[in-house]
Amino acid sequence: MSKDNTIKIDFEKDVEPVVRQYLSDLKYGYITLVVQDGTVVQVERNEKTRLK
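Engineer: Is there a simple way to think about the packing of aromatic side chains in this case?
Structural biologist: Centre-to-centre distance and the angle between the planes together describe a pair of aromatic rings. Here the structure, examined in full by the defined rule, presents zero aromatic pairs. The ring of Tyr-22 has Arg-45 lying over it, and the distance from NZ or CZ to the ring centre is 5.1 Å. For the cation-ring pair, Arg-50 lies above Tyr-28, with the distance from its terminal atom to the ring centre recorded as 4.6 Å.

In structure tokens:
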């Protein structure tokens, strides 16, 4: 951790596996990456359920 209590994130190591997992499980919906200062700080998944 740095002096301001933040953790440096490596996209390929830390974020990409999460995004890939979310994509493989998602039928309808979207994935949002929240970026601050060029760094992904949050990954959100919103899934829709289709009723027929």
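Next, the rest of the story.
Engineer: Help me understand unusual backbone geometry, please; the structure alone is not making it clear to me.
Structural biologist: Backbone phi values are negative for most residues with the exception of glycine, while trans is the configuration of most peptide bonds. Its identity as a non-glycine residue notwithstanding, Asp-37 has a phi of 55 degrees, on the positive side. Asp-37 sits in the exposed class, given a relative accessible area of 83%.

Engineer: How should I be thinking about the environment of Arg-45 in this particular structure?
Structural biologist: Checked against the element boundaries, Arg-45 lands in strand β2 (residues 39-47). In this structure, the C-alpha to C-alpha distance between Arg-45 and Tyr-22, residues 23 residues apart in sequence, is 7.1 Å. For Arg-45, the residues in contact, after removing those within four places along its chain, are Tyr-22, Asp-25, Leu-26, Tyr-30 and Ile-31. Engagement of the side chain of Arg-45 in a polar contact is seen with the side chain of Glu-47, the distance being 3.4 Å.

Engineer: Help me understand the pairing of strand β1 (residues 29-36) in this model?
Structural biologist: On any regular strand, side chains alternate: one points to one face of the sheet, the next to the other face. Examined bridge by bridge, β1 and β2 share eight bridges and lie antiparallel to one another. Looking at the pairing, Ile-31 lines up with Arg-45 of β2.

Reading guide: rules and limits
- Residues numbered from 1 in each chain as written.
- Predicted model: local features only at pLDDT ≥ 70, side-chain atom pairs only at ≥ 80, totals over all residues.
- Heavy atoms only, no water.
- Phe/Tyr/Trp six-rings, centres within 6.5 Å; stacked < 30°, edge-to-face > 60°.
- Lys NZ or Arg CZ within 6 Å of the ring centre and 35° of its normal.
- Buried < 20%, exposed > 50% of the residue type's maximum accessible area, 1.4 Å probe, protein only.
- Helix = DSSP H or I, 4+ residues; strand = E, 2+ residues; numbered from the N terminus.
- Contact = heavy atoms within 4.5 Å.
- Polar contact = N/O pair within 3.5 Å; in protein donor to acceptor, adjacent residues only side chain to side chain.
- Pairing = 2+ DSSP bridges.

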